[in-house]
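Overview (structure and organization)
Spelled out from the first residue to the last, the chains are:
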Amino acid sequence: MSKEFTIGSKVRVVSLPPYVKTAEPMPMLRPPDVIQIGEEGVVLDRRPGGYWGVRFTKGAFLMESQYIESVDASS
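To keep things clear, this report deals only with the structure shown in the data block. (Residues numbered from 1 in each chain as written. Predicted model: local features only at pLDDT ≥ 70, side-chain atom pairs only at ≥ 80, totals over all residues. Heavy atoms only, no water.)

Comments concerning the packing of aromatic side chains
Within this structure, the stated rule accounts for 2 aromatic pairs. Ring centres 6.4 Å apart and planes at 35° place the aromatic pair Phe56 and Phe61 in the tilted group. (Phe/Tyr/Trp six-rings, centres within 6.5 Å; stacked < 30°, edge-to-face > 60°.)

Structure below.
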């Protein structure tokens, strides 16, 4: 039921999780306000557990597919 994204594609945050994990070798939990609803990022990779590594302006974070959607190239 999870969405699939292409590596390098742009995605947009549609809702905020209770916290976000940094996309580092040793992930750290961060408050959700480091990213905003509507903020766009680039998919870096796919991670185990249904997570996607996404680069935003304030860093790279692990996001579950329920919190992001693809950005149409036509917009």
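Here's the deal with the sheet that holds strand E2 (residues 20-22)
Ordered in space as E3-E2-E6-E5-E4-E1-E7, the 7 strands form an open sheet in which the pairing is antiparallel. A strand with exactly one partner marks an edge of an open sheet, and here the two such strands are strand E3 (29-30) and strand E7 (68-70). As paired strands, E2 and strand E6 (residues 59-64) are joined by 2 bridges and run antiparallel to one another. Note on E6: the bridge partner recorded for Lys21 is Leu62. (Pairing = 2+ DSSP bridges. Helix = DSSP H or I, 4+ residues; strand = E, 2+ residues; numbered from the N terminus.)

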